Structure formats: C-alpha cells, structure tokens
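One-letter residues, chain by chain:
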Amino acid sequence: MLEHMSSRISSPVLVGRAEHLAELDAALGRARAGGPSAMLIGGEAGIGKSRLVSEFAATAGRAGARVLAGACLDMGTDGLLFAPYAGVLRELVRDLGADGVAALLPSHATREFARLLPEFGEADTEADPAVARARLFEQMLTLLERLAEASPVVLIIEDAHWADRSTRDLTAFLIGSQPVLDGVLVVVTYRSDELHRTHPLRPLLAELGRLSWVERMELPRLGRLHADELVARITGREPGPRLADEVYLRAEGNPLFVEELLCCDGGLSTELPESLRDLLLAAVQRLPEQTQELLRAASAGGQRTGHALLAAVTGLAGDDLTAGLRPAVAANVLRADQDGYMFRHALIREAVYDDLLPGERTRLHTRFAEVLGSDAGLAAPGRGPIEQAHHWYYAHDVAGALVSAWQAAAAAGHALAHAEQLTLLARVLELWDKVPDAAERIGASHLLVLEQAAAAAQTADEPERGIAFASAALKEIDPAAEPVRAALLLETRATLSSHTGRMDPHTDLQAALELVPPGVGDAARARVLLSESKHLAEPHGLQGRAAAEEALSLAQQVGDTGTQVSALCELACIESHTASDAVALEILAQARSLARRTGALRPLLHVFVNESHVLEGIGEHERAAQVARSGIASARDYGLARTTGTFLAINVAEPLVSLGRWDEAIEVIEHALALSPPQLNRLALRILAGEIALRRGDLDGARALAAAARAALARAPYIGHREGQYYLPLIHLETGLSLAQGSLADARDVMAAAIDGFDLVRDPRYAWPVLAIGARACAAGVAVTRDRAVTRDRATTRDRTASRDRAAAEQADDLLGQLRMLAGKMDCSGPVQRASQLTFAAETGAGPADTAGAGPAVARWDAAAAAWERAVDPYQLAVAMLRAAEAAMAAGDRDGAAGRLRRAAELADQLGAQPLGEEIGTLARSARLAVRAGRQGRGPAEGRPAPGLTAREFEVLRLVAAGRSNPEIAAELYISTKTASVHVSNILAKLGVSGRGEAAAAAHRMRLFEPAPAGEAGAG
Ligand SMILES: Nc1ncnc2c1ncn2[C@@H]1O[C@H](COP(=O)(O)OP(=O)(O)O)[C@@H](O)[C@H]1O
Ligand SMILES: [Mg+2]
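None of the values given here were measured: they were computed from a predicted structure.

A short note on the pattern of salt bridges
With the rule as written, the count across this model stands at 51 salt bridges. Linking Arg51 and Glu55 is a salt bridge whose minimum nitrogen-to-oxygen distance equals 2.8 Å. One end of the pair, Arg51, and the other, Glu55, are both in helix 2 (residues 49–62), 4 residues apart, so they sit about a helical turn from each other. The class for Glu55 is partly exposed, based on a relative accessible area of 26%. Arg66 is the partner of Asp95 in a salt bridge, and the nearest nitrogen-oxygen pair spans 2.9 Å. With Asp95 in helix 3 (residues 83–103) and Arg66 in strand 2 (residues 66–71), this residue pair connects regions lying 29 residues apart in the sequence. Residues joined in a network through salt bridges with shared partners are Arg224, Asp228, Glu238, Asp245, Arg682 and Arg686.

Re the site of ligand 1
With respect to spatial proximity, 20 residues lie near ligand 1, and among them Val15, Gly46, Lys49, Ser50 and Arg51 are the closest. Contacts to ligand 1 include Val15, whose backbone N or O atom sits 2.8 Å from a nitrogen atom. In the complex, 93% of the free accessible area of ligand 1, which totals 550 Å², lies under the protein chains. When its residues are assigned to classes, the shell around ligand 1 shows 8 nonpolar, 5 polar and 7 charged.

Observations regarding the packing of aromatic side chains
The geometry of an aromatic ring pair is captured by the separation of the ring centres together with the interplanar angle, meaning the angle of the planes. A complete count under the given rule lists 6 aromatic pairs for this structure. On the basis of an interplanar angle of 40° and a centroid distance of 5.3 Å, the ring pair of Phe137 and Phe173 is categorised as tilted. One end of the pair, Phe137, is in helix 4 (residues 129–150); the other, Phe173, is in helix 5 (residues 165–176), with 36 residues separating them in the sequence. Residue class for Phe137 comes out buried when judged on its relative accessible area of 8%. On the basis of an interplanar angle of 70° and a centroid distance of 6.3 Å, the ring pair of Trp768 and Phe840 is categorised as edge-to-face. On the criterion of sequence distance, the pair formed by Trp768 in helix 36 (residues 764–791) and Phe840 in helix 38 (residues 830–844) is long-range, its members being 72 residues apart. A relative accessible area of 1% means that Trp768 is categorised as buried. Residue Phe840 is classed as buried on the basis of its relative accessible area, which comes to 5%.

Some points on the packing of helix 4 against helix 5
Look at helix 4 against helix 5: their axes get within 10 Å of each other, and the N-to-C directions meet at 50°. Judged by the angle between their axes, helix 4 and helix 5 are oblique. Of the two elements, helix 4 crosses helix 5, and the hand of that crossing is right-handed. Across from Arg133, Phe137, Glu138, Met140, Leu141 and Leu144 in helix 4, the residues of helix 5 making contact are Ser166, Asp169, Leu170, Phe173 and Leu174.

Here's the deal with the nonpolar core
In this structure, Leu771 and Leu916 are the most contacted members of the largest nonpolar core, which totals 187 residues. Counting residues per element, this core draws most heavily on helix 40 (residues 874–890), which supplies 11 residues. In this view, Leu916 contacts Tyr875, Ala878, Val879, Leu882 and Ala908; residues no more than four positions away in its chain are not counted. By size, the runner-up hydrophobic cluster in this structure holds 51 residues, among which are Val231, Ile234, Leu256 and Ala328.

A short note on the sheet that holds strand 6 (residues 304–306)
Spatially, 6-8-7 is the arrangement adopted by the 3 strands of the open sheet, whose pairing is antiparallel. Here the strands that pair on one side only, and so sit at the sheet edges, are strand 6 and strand 7 (334–337). Averaged over all adjacent pairs, the angle separating strand axes in this sheet is 20°, with direction ignored.

A short note on unusual backbone geometry
Glycine aside, residues mostly have negative phi, and peptide bonds are mostly found in the trans state. The backbone phi angle of Asn332 is positive, close to 70°, even though this residue is not glycine. Relative to the elements of secondary structure, Asn332 occurs in the loop between helix 13 (318–330) and strand 7. Owing to a relative accessible area of 16%, Asn332 belongs among the buried residues under this scheme.

Looking at helix 1 (residues 18–32)
The terminal C-alpha atoms of helix 1, which comprises 15 residues, lie 21 Å apart, in line with the 21 Å expected from a rise of 1.5 Å per residue. Within helix 1, burial applies to His20, Leu24, Ala27, Leu28 and Ala31. All buried residues of helix 1 fall inside an arc of 100° around its axis, so they share one side. Exposed residues pointing more than 90 degrees away from the buried face of helix 1 are listed as Ala18 and Glu19. Tucked inside the fold, the buried residues of helix 1 contact strand 1 (37–43), helix 2, strand 3 (153–158), strand 4 (184–191) and strand 5 (214–218). Taken from the residues just after helix 1, Gly34 is the one with a positive phi, measuring 100°.

Concerning the sheet that holds strand 4
One open sheet holds the 5 strands; their spatial order is 2-3-4-1-5, and the pairing between them is parallel. Among the strands making up the open sheet, the edge pair consists of strand 2 and strand 5. Across the sheet, the axes of successive neighbouring strands diverge by a mean angle of 15°, strand direction being ignored. Of the pairings in the sheet, the one linking strand 2 to strand 3 comprises 6 bridges and is parallel in character. Note that in strand 3 the partner of Gly70 across the bridge is Ile157.

A short note on the packing of helix 40 against helix 41 (residues 894–911)
Where helix 40 meets helix 41, the axes come as close as 8 Å, and the angle between the chain directions of the two elements is 155°. Regarding the angle of helix 40 to helix 41, the classification is roughly antiparallel. Crossing handedness for the pair helix 40 and helix 41: left-handed. Between helix 40 and helix 41, the residues in contact are Pro874, Tyr875, Leu877, Ala878, Met881, Leu882, Ala884, Ala885, Ala888 and Met889 and Arg894, Gly896, Ala897, Arg900, Leu901, Arg903, Ala904, Leu907, Ala908 and Leu911, respectively. Classifying every residue of the contact of helix 40 with helix 41 by side-chain character gives 16 nonpolar, 1 polar and 3 charged.

The rules behind each value
- Residues numbered from 1 in each chain as written.
- Chains lettered and ligands numbered in written order.
- Predicted model: local features only at pLDDT ≥ 70, side-chain atom pairs only at ≥ 80, totals over all residues.
- Heavy atoms only, no water.
- Salt bridge = Lys/Arg side-chain N within 4 Å of Asp/Glu carboxyl O.
- Helix = DSSP H or I, 4+ residues; strand = E, 2+ residues; numbered from the N terminus.
- Buried < 20%, exposed > 50% of the residue type's maximum accessible area, 1.4 Å probe, protein only.
- Near = heavy atom within 4 Å.
- Polar contact = N/O pair within 3.5 Å; in protein donor to acceptor, adjacent residues only side chain to side chain.
- Areas by Shrake-Rupley, 256 points an atom, 1.4 Å probe, with all protein chains shown as cover.
- Nonpolar A, V, L, I, M, F, W, Y, C, P; charged D, E, K, R; others polar.
- Phe/Tyr/Trp six-rings, centres within 6.5 Å; stacked < 30°, edge-to-face > 60°.
- Axes fitted to C-alpha atoms, helices over the stretch in contact; angles between N-to-C directions.
- Parallel < 35°, antiparallel > 145°, perpendicular 65-115°, else oblique.
- Left-handed = near helix turned anticlockwise from the far one by under 90°.
- Contact = heavy atoms within 4.5 Å.
- Core = buried A, V, L, I, M, F, W, Y, C linked by side-chain atoms within 4.5 Å.
- Pairing = 2+ DSSP bridges.
- Expected span 1.5 Å × (residues − 1).
- Arc of directions from axis to C-beta.

Given below as structure tokens:
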C-alpha cells in the first residue's frame, strides 16, 4: 500500500522510540513469565506504528519468540473476513506446512480454518454459522496455546481501524481469553486519527482498555531532537538549519511525512508528493461537498482560523458554519478549539490549499483581506493588519500589499513579532519597484525601510539577510552628511557579520569609530565601542576592557541606560573570565538594578544570561537555573523567545545536567529546539543532549548529536566564538564517546587536535573538563597496553602488537605531558573548576602542590569525589567514587572499595547512568564485592513519601497543588503544554486520584512539600 507507492528512502535506524520499545519488551516479559499481556498501539498514519512493531518483532524473534503478524486491509466493510488471521495462518502454513499446523490441533480439526485459507480444504458450509464461528475462535485459541508451549508468541494485528466485524470479535475474544492463554503477547495497532466518533473500534478499545493486562500506548510525533536526527539518517548527512526548520514546520515530526517531503537528493520538495497528497486528502474527500468547500476557505486562512473570521469570509451564520464543519471535526480533519478551527496536521492544510484553483485562491485571499480590513477585530488582538497584509500579498494586489505590509510591519514591531516584522519589511522592499509612488504612499524613504529591515533582521537573528539590507542602506547613504546614521549602520553590519563569521567586523567598527570621534554623536560612539569590546579578537583582554569602560562612561554621560547595562554585562564577563566571579556577580547585580530602575528590558536579558552563566560556573546550579528561567519569561515578553529565550534555555539545561536531572534537561532542550533556535543555540542544546545520551548509554543517539554539532560548527566558523563555549563541550563529548566505544586512539586524536586548535589556558571554565577527560584517555591507554602485555600470545603478532603498543604508549605519554603543562599554567577558580582540577590530578597522579594530589591514589580520588560532592554534581561524584574504589582495591582495601562502590552504584542507579552502572558492576563482580543490586525506578524523588513520582513529576505536582493550569506549568518549567499535561495525567494515575483538586489534597495529606527529614536525599 502506502509503502510501495513511492521511492522514499527510510532511515536505516529506528529513531527516538527507545521508551516505546522498552514498554513492548516489558509486555513481552510479562507474557514470557506466563501472565496475560496485550498492547494496543494508536497513532496517526505514518507515525511509525508498523516500524516500531516490526523492529520489536525482529528483536523478539531473535530472542526466540515466534512472531505472527497479519494486517487488516482498507476494503470497506464487506472485504475479506478475518484478513489478518488469514495472513497469520498463511505464514504458519509456509513455515510448518498445512499438516504441521493441523498436527497442533486436537484430532487435526482444521476444518474451520478452511474458511480463511484454501490450504485447509473445503469449508463446511452446512454447519450453523454461529456454531462454526465459535469453533473457529476456539481453534485459533488452541493453536496459539500449542505454539506458545514451544516458545513465546507475539501475535500482531495491524491497522485494526480497518478491521471487519469478525476480526474485531476474534481479537476481542483472544485478548479476553488471555488469562488462560500462557506465553502470548497480543499487539494491536490502529490509526487513532481515523477513529471518528462513531467508529466501531472505539467501544472495543474502551472495553479492552479496562482489562488489567491490556496496555495502551499512543505514539506521539517526534520532538525536534529526533525529527532532526531522522532527517540526517534519511539523507545520510546533517541537514542545514533551514532544511531542518522547514521539514519540522511542515512534517511536524511525523516520520512518514518527513520521508515524503525529502527528495532523493536530500533536499526538500516544494510540491507535495502525489502519494502523500492522496493520503492526506483521503479523509477530506469523504466529507460532504459543502464541508469541503468550507475547508478550502479555511485553508486560505492558515493553519488555524477563528470562527468569526471564517463565518465572515464564507458569509455563513455562526451556527451554519458550525454545522457545516462538524463532519470535518468528527473525521479528525479539523480540530475545534474555543473559538476557531485548526487543521489536524499542517500538511492537510497544505494539500487542501494546493488543490485550490489559482482564481479561487486569489478570490479567497481578497475576501479575507477585505473582511479583515472592515473589521480588524476578527483576527487575534494586534494581528489584524499583519494578516491583512498577508492576504493582499497572496491576492496579488501590489499596491494594497505594499501599503498594508508597511503598516503591518509597524504593528508587528509593536507586538514584538520580530521575524514577521522582517518578512513584512522585506515584502515592502520587494514590491517597491512595482509601485511607482511607493515612498509617497507609505510616507517613508527606501533608505529608512532598509535601515528598519536591517535592525529587524538583527533582532530576529537573520544575520545574512541583515547584512544584505545594511550593505544596501550603506550604499544609499552619504557618510559625510550623516556620520552618526552611517556609523550606526556600520555597527549593525559589524554585529551581524560577527554572527556569520564570513566578514571581519573590525573593518566596519573602525570605520564607524572614525565617523564618530569623541564629541560627535557620543551615544552612537558608546554603542560602537561596546560592539568593539565584544568582537575583539581577544574579547576578554585589556583592549576589550578599555573599550567597555569607555562605552560605559560615554553611555552614562548621554544617559543611555540600555548601553550602560550592556557595558556592565560586558565588564562582568571580563571579570568572570580573568579575575573574579564574585566581582562579576556584583557588577551584574548593579546592572540588574539599573536595568530594572530604568525599564531597560532588553539589556536586562543580557544580565540574566550572564548571571546564570556565572552562577553555573561556580556550581550554584539551582540558582543558575532559576535566574535563567526568569530570563526566559522576560525574553518571551519581549518577543525574543526564539533567540535570547533559547540561549537562556541552554543556561537552564546546563545546571540540570550537572544536577543529574536529565529528564528535565531533555524536556527543556526539546522545548527550546521546537522553537527553531538560531544555529549556535541549537548546537549547544544538542551537545548537552548528547552528553546526557552518552551518560545514559545511548551511544547511537550521542553519536548522532555529536556529528550534527560537528557538522554545524564546520559550516559556521564563528570567529567571535572561538573562545570555546561551543567547541570545548563538543570536544568533551567526542572524547567521551570515543572512550565509551573503547577507541582510545580516537579519543587522543580529538584531544591532540583540541590542544593544537585552541588556546585552552585562556578558557579554564570549559577547558578543565576537557583536560580531565583527556587525562582519562591517556590513563586508560596505559592500562590497556599493560593488559595486553599480559595476555598476548603468538610471537609474530606479539612483535607487531608490541611496536604498535609502544607507539600508542608514547603518544599517550606525549599527550599527557602536554596536558600537564597546560594544567600547570591554567587558572582555577570556584568549586567546579576545582573539582575538575582534582580529577585531573587524580587521573595523572600529580596534583597541585597545595592538595592531597601528591598522596596515594585513593586519597587523590577521595579528594576529587569530595570536591564533586561540594559542587553538587552526582554523576561526576559517582565516577570519582568508582575510581576511588578501584584505587582502594588495588591497595588491598576491600572494605574501603566496597563502601565507595556501593555509593557509586547507588548514584549511578538513581541517575540512570547505565554504562557507569555497568562499569561499577564489573568491578564489583571481578573483585567479588557485595554491592546492592540496582533499584527499580530512578530519580532523586526516591525516599520521598510520594508513590513513585519522579523529580519532575514532584515539581509539577507542587505547581498543581498551587492551583496552576497546564499552560502555566508549561511556561514556568519551560516545557511544552503537551508535556505538562502528560506529567499531570501520570501524577494523577500514580496518586490514584481523578482530578487536580484531589491531587492537591493528596499531596497535602502526604505532606509532600514539607522539608525532607534531615539526612534524607532531597528532591532538590
Ligand atoms: N521512529 C522512526 N525512525 C525511523 N523511521 C521511522 C520511524 N517511524 C517511522 N519511520 C518510517 O516512517 C514511515 C512510516 O512509518 P510506518 O511505521 O509505516 O507508519 P504507520 O504504520 O504508523 O502508518 C516508514 O517508512 C518508517 O520506516
Ligand atoms: Mg502501518
């Protein structure tokens, strides 16, 4: 069917369904153990039900289960009866022969199977149909029973939304009989989007869902992390950000749609492929003609159209409109919310819209524009002019489009919709030459529009386009006549080009400074100087400080508080980098209060960014996350959720990673990525996700993320950011990955390249972790060489191996020497850097003179562990504990080893740090140390009286108890509303309550939010 209709390329690996696979495995485990077990899997077409089930089946098959699969076909109600079961039997006959199948049944009674498959002979047409049916059901049950005696059976019934009545009955019968049917897992898949209100599968699902052994899962669309990975897997290379954004915007994380939209050359098809269009339009075409007419109108309105607006456009009274659209809602084509309708999927709208005739399209857009023109209140507040401009444009009314775009650009700027403002200004410029008296019509010059467009591009983080606008504007301006204006444009272009790395910002900044010497436009000079301090080759050096200080004093003189705040932030950065975090925090506090006092809201965002960054650097993880969260809220208010907001999301996720709250970190990362953040933010978010994946043992995922980040960095050599906050964490991740894969040589190559390519000494914050892991790569190398010396046998290989080992050992020694030298030169401030430094010392056996570093290995690792404990980093703590245990073991202290190992095991288990847990287990086994087996469930909330709540659920519950709604919770925790609602349902289920009020009461009753008793691990 679908699968055979196009030449799509699929991803060779299953992306982002690890949890669902695990659930299926658990269900199979229950069946293996002899219990009843069934799984009902819903999801929209193309979401990956079949793929998931087939990957699961393949694994189950390899593990010895017998997999029987059959699919229902889309043939209307009177199609093949029992189609999936006929398929199952056919497969069995192919495998065992008809006689083999018959041999499984008492007295070879396969007669009823003849109705399904001719191989079983003539069907008995004489028998009473009801009796025959009952016999067939019994025989199927017996067959499964016999098969399951030999090995566990997985029975898969696919696409049950197409099931005929008989198939539904038989499936219900088998699942209902499972308590007497050992060793069988029944898996049923269905398209949940096709289950309209009266669909016959609905009552059956509800009924089955009430059985205790039946579980339901709904496959969600892929989140941004996995959607991007899918694109990379399909095309075999990392997608550029544009492509990734476009695919995500249109496919919305549906794997089939992603595949369909990607052409064979890895690009994006602008047209909808035929097969996809058919799939998307199938449900639409089944609707009454009047409903389809209304859908066509709605498709011109966009993904969502308000009820009143659609009523005005179609000329229908409200009730008639509701009645006309009801079939579309019932068929799951549209979703209705309080006062509007949205298409269930963006591509359905696209398909309907594409189907419009050109004249029809123009007519509809004209109608929308007119209606909005007469009553802007029909659009959401502030959106009237913007939408009107959109419709005039697509109605091909050039003059109307130009004027309305200009007006709408102002409205968009006012509403802080920066990306839209940019689009609209670009449209004004695009139409300029087609409208003879453009300047008169809008009352503004071409130059002014260009300047505004350049500024909007800067805010919307579209540097390439901004540079083009700024350059065009600079051509139209006479610097001698208007030096300040020209200087500001040069500054804008410099800032923009620092974001692309393709142009050197200094030429522009120098030219700008010459245009505004002291005394000529000091406000402009202050801004140029501030830029200069940021973009100097050595941003934290003396020259940078001088520029920032002059900017600060000029801004003070002219009373430009915004620039003042930003200059203070810059100075704080310099302080934190070169001297003292405490001083940096003081300066930032000063900047914050100035910004608050004077309402300098955008500069205030810089304060949030810098403050959370510094706090995280000194191990104040909780505070860092908290400051970054408040920053995000402000960024949102300022229309900068996508840009500064997602930067701040990095600063929320980073501390969560340190604190070991990885689920939360991933939620934050997903949410930020879904906003299509600028390249660098995306990069940093992915590196953090990669680090989590690595620690959890998802090497494939970590590898994909590291590769994606590496490709993105290669494409964008951001000159201004070579200081390492992006590169060094990536190097850390890549080294960790190589170590996890046991490729020490790769790890050391990455490290050698890092030493060559970066001035590590200048960037202690990000360099210390790199040094520590680099030391590990060297130390581990030595250990391997030693092992091999003991185990190798044959003489010839011995020589070759020996010389290779010698070379490797020399390389490791050499590298270690360089690392030591760097460590000796590098500053170390604050508890986090200190902990990394002590780890480095323990790893290399040579610590700084003032520490226990020179002592025995156990003491050195204990010192590192204590430092990580102080820095509140449970993962690093667990690693240090494990190394300390190894050292204790080597020193013959078994008790000491066991104690440390136990602690490490506990931490690794809580964190879900699987590879670390395995390493701990290996040591425990080989040394025969008793370490308590891993506990079920994880999350720091263990030990709380709450029944199995994760740390995140615990936080959500706190907000529920405080009376917050799902959108409020989502905003507060920086997760999607959908995620929030999933948490809430899980919490209600775990607490065994049916509503939020009850949940709050339960939390209260269990005293969940009172401080934990002393000595108990807190939920943080
Ligand atoms: N998680 C995934 N990772 C990679 N490819 C996927 C994933 N889910 C689905 N696909 C691909 O998307 C396409 C549609 O998936 P399919 O399982 O047929 O969807 P469904 O059965 O839900 O309609 C297939 O080509 C499948 O290989
Ligand atoms: Mg399918």
